[in-house]
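Architecture and fold: a report
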There are 2 protein chains.
Amino acid sequence: MEALSINDVTPVAIDDATAPGLAQHKTAIQGLFKRRRVRVKELLAAGLSTVGHTVTVKGWAKTLREAGAGAFAFLELNDGSCFTGLQIVVAKDVPGFEALINSGGTGASFCVVGTVVESPAKGQLIEVKATEVTLYGDVADPSTYALSKKRHTLEHLREHAHLRPRSNIHSAAMRVRNAMAQATHSFFNERGFLYIHTPLITASDCEGAGEMFAVTTLFNHVKDGNVPKTADNKAIDFSKDFFGKPSYLTVSGQLNVETHCCALSDCYTFGPTFRAENSNTARHLAEFWMIEPEIAFADLSDDIDLAEDYLKYCAQYALDNCAEDLAFFDKNVEKGLLERLQSTIASPFVRLSYTDAIELINKPENLKKGKFEKKPKWGDDLGSEHERFITEQIYKKPVVLYDYPKEIKAFYMRLNDDGKTVAAADVLVPKIGEIIGGSQREERLDVLEARIKEATGHDPAEYGWYCDLRRYGTVPHAGFGCGFERLVRFVTGIENIRDVIPFPRWPSNASF
Amino acid sequence: MEALSINDVTPVAIDDATAPGLAQHKTAIQGLFKRRRVRVKELLAAGLSTVGHTVTVKGWAKTLREAGAGAFAFLELNDGSCFTGLQIVVAKDVPGFEALINSGGTGASFCVVGTVVESPAKGQLIEVKATEVTLYGDVADPSTYALSKKRHTLEHLREHAHLRPRSNIHSAAMRVRNAMAQATHSFFNERGFLYIHTPLITASDCEGAGEMFAVTTLFNHVKDGNVPKTADNKAIDFSKDFFGKPSYLTVSGQLNVETHCCALSDCYTFGPTFRAENSNTARHLAEFWMIEPEIAFADLSDDIDLAEDYLKYCAQYALDNCAEDLAFFDKNVEKGLLERLQSTIASPFVRLSYTDAIELINKPENLKKGKFEKKPKWGDDLGSEHERFITEQIYKKPVVLYDYPKEIKAFYMRLNDDGKTVAAADVLVPKIGEIIGGSQREERLDVLEARIKEATGHDPAEYGWYCDLRRYGTVPHAGFGCGFERLVRFVTGIENIRDVIPFPRWPSNASF
């Protein structure tokens, strides 16, 4: 295997991981042994027990400064494994000192071998006294480096999305985003749900084509700016397209995942969804991720229980696994974030019918306090201003609204006995507003077919496969959709949805 | 909350889950208590310890037959939680017996309350003696039910993809698919990797538009079959499109995930990718899922180690968590599947250079044995026939080929010192052929720019953001891509890739 080796500078990550005091960190540290480095996260976690040991660390300079009239340098090295960097002291006589000093500093990459020592500085238990520094890559011209040491605006970071994972705020957001994805899979897996990958491209007639992106290969067959046309020359000839008919990017995996729920019981999807909405707000993306559980033998009450359990699990998971990153957000992004998350977990969510919510908002004292642009009456969709007022001003905790007028909800939601409302529920949380929308699904074939006609104007036959689930062994079932980026905003306090996804897409923006 | 309740027929899943003998299954069973049922999987796992207890189970009839001259009926109930159904004996005097008998049988759905008894039948420890049966949904006309009791072809199941999760083979495939997804997240999460969602829609110039799907909203602005055109009337006016320029569905998340790897160290993507390839084979899909880890401070050897660890972890995970489903596949789909998976884990993968592989194939005895359509010489891409010959005939175990000629590999792969080969590696496994393709990435800016010119003919400036990763603090890094459906085929033995994904997409097929 000689041909495969690069000139790696060190043979081991730490001299003796089985030494007393290190034993408890053995697994975490050994997991990387093959890779000949210790991650900063595990090293800092092992703390004083590592003092005296020789370690190898690799990462990027967060800061670099000379001190003692050029006799040594302080290098803060970050490898992305955690928020805090590792302080490294490099004396002038250490091999690699010159390269370090001429590396351009912030952003340059290094391998450092050194001895762990107790740190005399405040706020850190240990630091590394370097015995050898190897430069991987410099920043030849720091004046052109978009992620230089100074503070940058969120707009600037977005424009350099390929480098922004090197910023404090984006790296912390990405670690929390990862934690929320892992929490999602753990939560559902532990409860026996199956992860089902619903399709992204669909030619199904069930989804309205209104705000959908078309998927096509017809642009490969353009002549004089024309895509292939039908014989009468009046319309696009989709029979020549890849799928033989108009095809779109999905707006939800729900209808598809119901097919598996109605055979395998509890399922969930977690994948990208798309909305070709011409909206340039801080709350919308053209491409975003969504979690959609679907539970069999369940009613709306079960569905709300699941949504509440899920959100609490995610908040607890973030507190348990992302303490350092959340502390940063609490201090710099949203004062009171930690308290908000703790209070999310502490008590049951409020459950309130839509009808009661309308009444509540229209109380004179609330109308006065809320200063709403619009005064909602029964039958109206609630605006974001009303939703946030209820959860932030009135209850100061998550609120579940349920039983909405059928006119403002989708055809597949179960009609209640009153004939006027459907078994739908939205979960509202402080800071975000609506974070989850769900419903019990209409499982009665005749009612579903009537609702399809009434709500969509279509022939139920166009929804044949969806109706089949009610035709053959129908069961009561329910589910919800949770916007993943909203969840990440919820646990980080980050305002703009473009800052919680690696490469945001919105009108006129699909770079990288 | 009264308004939220449906008329659910039973109050509890099992009468006393804390009874002696049930204690060890408490967690599994209690997890569903809110939902007032016991899953078949947990009930069968608890086995004889449940005898004498009253339980509630819910699911679909796999089979239904009357016996004892109409004095009772045998119902095999499946809820998708495991392969095996639960045997239920319903005596004529049990409430719901008539509805059961007239339900249409296979496919109808029920709630059953009953007492667990020791089973006199072979192959099962317990069965349930029903005390009450409630029909949720019947199969009114069994002659129209596509998933009737008889054996169906895989083609038939594909045509009824919305019902095929009710078949033995597809439900087993979906449980294994779920297990492989959970295994993937566990594997990387345990090793400190961050899950990064790379974008699906991209207008980046880095990806060749050859076999990509275009994403557009221009079809919403069609006049007389024409999409908007440029002023000279000769080309499509993409400035009117949603993203303001031609945009596509991604063929790989690699280039994007490298940005986060070069800041956060070890990352991975796991998401859908697309290929507008006009191929109608059992090995290709237009939409499939891919796992792409990217590791920092790593060379090709580290990358191969990771790939080998990952595949072994997945095989072990399937053996540990899907024993029942794998036994079915071993018996009905691929004889010897279990042995193949065990031998995958048992010994190190063979590692062989491309150059040695070419020499090996060209040995007279191998040419004779292989009866190849094509005799490969150095510089040729290996065909599937050669890859499978090496892994299935010569070594009979997984084989990693490395150091390929640069002409047949991508521009971003690291140029070896010989100037002729690149640090690329493909993992070949019996039954599938290539399952993983990876490489060390070119981290030297000057070499990368030269390779972009040479291999793509483009100006390196078009790859500006990708080159920036080498311009500012470059580090050696590597990664690979694993086709998720190939992985599922690998652990199930299923031949056709269309049978391991819920809703397969291929030319002219995007239904559901």
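Residues numbered from 1 in each chain as written. Chains lettered and ligands numbered in written order. Predicted model: local features only at pLDDT ≥ 70, side-chain atom pairs only at ≥ 80, totals over all residues. Heavy atoms only, no water.

Our focus in this paragraph is the sheet that holds strand S3 (residues 86–91) of chain A. All names here are of chain A. Spatial strand order, S1-S2-S3-S5-S4: five strands in a closed barrel with mixed pairing. Here the strands of the sheet are splayed against their neighbours by 50 degrees on average, with no regard to which way each runs. Across 10 bridges, strand S4 (residues 109–118) lies against strand S5 (residues 126–137) in antiparallel orientation. Along S5, the bridge assignment pairs Val113 with Glu132. (Pairing = 2+ DSSP bridges. Helix = DSSP H or I, 4+ residues; strand = E, 2+ residues; numbered from the N terminus. Axes fitted to C-alpha atoms, helices over the stretch in contact; angles between N-to-C directions.)

Once chain B has been moved 0.0 Å along the axis and rotated by 180 degrees, it coincides with chain A to within an RMSD of 0.0 Å. On the angle and the small slide along the axis, the relation comes out as a two-fold axis. It is Val215 of chain B whose C-alpha, among those of chain B, lies nearest the rotation axis, at 2.4 Å. When the interface residues of chain B are mapped onto chain A, 100% of them are again interface residues, pointing to one common binding face. (Least-squares fit on C-alpha atoms with pLDDT ≥ 70 in both. Contact = heavy atoms within 4.5 Å.)

With that settled, the discussion passes to the environment of His284 of chain B. All names here are of chain B. Along the polypeptide, His284 turns up in the loop between strand S10 (267–274) and strand S11 (287–296). Remark: the alpha-carbon pair of His284 and Ser384, spanning 100 residues in sequence, is separated by 13 Å. Sequence-distant contacts of His284, that is, excluding residues within four places in its chain, are made with Glu277, Ser279 and Ile497. A distance of 2.9 Å separates a polar atom in the side chain of His284 from a polar atom in the side chain of Thr281. (Polar contact = N/O pair within 3.5 Å; in protein donor to acceptor, adjacent residues only side chain to side chain.)

It is worth spelling out the interface of chain B and chain A at this point. Taken together, the contact pairs 135 residues of chain B with 135 residues of chain A. Both faces combined, the contact of chain B with chain A buries some 11,000 Å², and carbon together with sulfur accounts for 61% of it. Three residues, His197, Phe297 and Tyr472 of chain B, lead the burial of chain B against chain A; their summed loss comes to 8% of the area buried on that side. Inspection of the chain B/chain A interface yields four salt bridges. For Asp302 of chain A, the salt bridge goes to Arg36 of chain B, with nearest N and O atoms at 3.0 Å. For the pair chain B and chain A, the number of links is 55 residue pairs in polar contact (both at pLDDT 80 or more). Ranked by the residues each element gives to the side of chain B that touches chain A, the list is headed by helix H5 (residues 168–190) of chain B, at 10 residues. Taken together, the residues that form the side of chain B that touches chain A break down as 68 nonpolar, 39 polar and 28 charged. In the sheet, strand S8 (residues 214–216) of chain A pairs with strand S8 (residues 214–216) of chain B via three bridges, with the strands oriented antiparallel. Along S8 of chain B, the bridge assignment pairs Thr216 of chain A with Ala214 of chain B. (Buried area = accessible area lost by both parts, 1.4 Å probe. Salt bridge = Lys/Arg side-chain N within 4 Å of Asp/Glu carboxyl O. Nonpolar A, V, L, I, M, F, W, Y, C, P; charged D, E, K, R; others polar.)

A word on the sheet that holds strand S4 (residues 109–118) of chain B. Residue and element names in this part refer to chain B. One closed barrel accounts for five strands, arranged S1-S2-S3-S5-S4; its pairing is mixed. The mean inter-strand angle of the sheet, taken between neighbouring strand axes irrespective of direction, is 50 degrees. Where strand S1 (residues 54–67) lies against S4, seven bridges are found, and the strand directions are antiparallel. Looking at the pairing, Thr56 lines up with Val113 of S4.

Here we come to helix H9 (residues 337–346) of chain A. Residue and element names in this part refer to chain A. Leu337, Arg340, Leu341 and Thr344 are the residues of H9 that are buried. Taken end-on, H9 shows its buried residues confined to a sector of 95 degrees, consistent with a single buried face. Turned more than 90 degrees from where H9 packs its buried face, Glu339 and Ala346 sit exposed. Of the surrounding secondary structure, the elements contacted by the buried residues of H9 are helix H7 (300–321), helix H8 (323–332) and helix H15 (484–492). (Buried < 20%, exposed > 50% of the residue type's maximum accessible area, 1.4 Å probe, protein only. Arc of directions from axis to C-beta.)

Quick look at the domain arrangement of chain A now. All names here are of chain A. Looking at chain A, the domain boundaries give domain 1 (40–150), domain 2 (171–212 + 251–499) and domain 3 (213–248). At the interface, five residues of domain 1 touch five residues of domain 2. Of the roughly 440 Å² buried between domain 1 and domain 2 on both sides combined, carbon and sulfur atoms contribute 50%. Counting the surface domain 1 buries against domain 2, the share from its top three residues, Gly80, Cys82 and Phe83, is 81%. (Domains from an automatic or database assignment.)

In this section: the packing of helix H5 (residues 168–190) of chain A against H15 of chain A. Residues and elements named next belong to chain A. Running from N to C, H5 and H15 point in directions that differ by 120 degrees, and their axes come no closer than 10 Å. As judged from the angle between their axes, H5 and H15 are oblique. In the packing of H5 onto H15, the handedness of the crossing is right-handed. Across from Ala173, Val176, Arg177, Met180, Ala181 and Thr184 in H5, the residues of H15 making contact are Phe484, Glu485, Leu487, Val488, Val491 and Thr492. (Parallel < 35°, antiparallel > 145°, perpendicular 65-115°, else oblique. Left-handed = near helix turned anticlockwise from the far one by under 90°.)

Inspection of the secondary structure puts Gly107 of chain B in the loop between helix H3 (97–101) and S4. Residue classification places Gly107 of chain B among the buried residues on the basis of a relative accessible area of 3%. Note: C-alpha distance between Gly107 of chain B and Ala323 of chain B (216 residues apart in sequence) is 25 Å. Other than its neighbours up to four places away in sequence, Gly107 of chain B contacts Tyr472 and Gly473 of chain A together with Trp60, Ala61, Val139, Tyr145 and Arg166 of chain B.

Summed over all chains, the structure comprises 61 aromatic pairs over all chains. Between the aromatic rings of Phe238 of chain A and Phe219 of chain B, the centroid separation amounts to 5.3 Å while the plane-to-plane angle is 85 degrees, which identifies the pairing as edge-to-face. With Phe238 of chain A in the loop between S8 and strand S9 (248–249) and Phe219 of chain B in the loop between S8 and strand S9 (247–249), the pair connects residues from two separate chains. On the accessibility criterion, Phe219 of chain B (16% relative accessible area) is buried. (Phe/Tyr/Trp six-rings, centres within 6.5 Å; stacked < 30°, edge-to-face > 60°.)

All names here are of chain A. Here H9 crosses H15 at 115 degrees, and the two axes come no closer than 8 Å. Residues Leu337, Arg340, Leu341 and Thr344 of H9 lie in contact with H15, whose contacting residues are Arg489, Phe490, Val491 and Thr492. Taken together, the residues of the contact of H9 with H15 break down into four nonpolar, two polar and two charged.

Our focus in this paragraph is the pattern of salt bridges. Taken as a whole, this structure holds 54 salt bridges over all chains when the rule is applied. Two residues, Glu190 of chain B and Arg191 of chain B, come together in a salt bridge whose shortest N-O distance is 3.5 Å. Using a relative accessible area of 28% as the deciding quantity, one classes Arg191 of chain B as partly exposed. A salt bridge links Asp380 of chain B to Lys377 of chain B, with the shortest nitrogen-to-oxygen separation between them at 3.5 Å. Look at Asp380 of chain B and you get buried, because its relative accessible area is 15%. In this structure Lys377 of chain B comes out as exposed when scored by relative accessible area, which is 56%. A single salt-bridge network, built from bridges that share partners, covers Glu258, Glu294, Arg441 and Arg470 of chain A.

Right, let's talk about the nonpolar core for a bit. In terms of nonpolar packing, the biggest core is built from 302 residues, with Met180 and Tyr310 of chain A together with Met180 and Tyr310 of chain B touching the most fellow members. Residues within four places of Met180 of chain A in sequence aside, it is in contact with Cys314, Tyr317, Ala318, Phe484, Leu487 and Val491 of chain A. Core analysis: the next-biggest nonpolar cluster, separate from the first, contains 12 residues, Ala214, Phe219 and Ile236 of chain A together with Leu218 of chain B among them. (Core = buried A, V, L, I, M, F, W, Y, C linked by side-chain atoms within 4.5 Å.)

What follows deals with helix H12 (residues 384–394) of chain B. All names here are of chain B. Of the residues making up H12, those classed as buried are His386, Glu387, Phe389, Ile390 and Thr391. Against helix H10 (354–361), helix H11 (364–370), strand S13 (399–405), strand S14 (421–429) and strand S15 (433–440) lie the buried residues of H12. Trailing H12 by a residue or two, Lys396 shows a phi angle of about 55 degrees, which is positive.

Residue and element names in this part refer to chain A. Overall, the coordinates contain zero disulfides over all chains when judged by the stated rule. Among the cysteines around Cys82, which has no disulfide bond, Cys322 carries the closest sulfur, lying 12 Å off. Assessed through its relative accessible area of 8%, Cys82 is described here as buried. (Disulfide = S-S within 2.5 Å.)

All names here are of chain A. Together, Leu48, Val51 and Leu125 give the surface a local cluster of nonpolar side chains, amounting to about 250 Å² of exposed area. Structurally, Val51 is set in the loop between helix H2 (40–46) and strand S1 (54–67). Val51 gets classed as partly exposed once you look at its relative accessible area, which sits at 34%. (Patch = residues over 30% accessible without salt bridge, like charges linked within 9 Å, V, L, I, M, F, W, Y side chains within 5 Å. Areas by Shrake-Rupley, 256 points an atom, 1.4 Å probe, with all protein chains shown as cover.)

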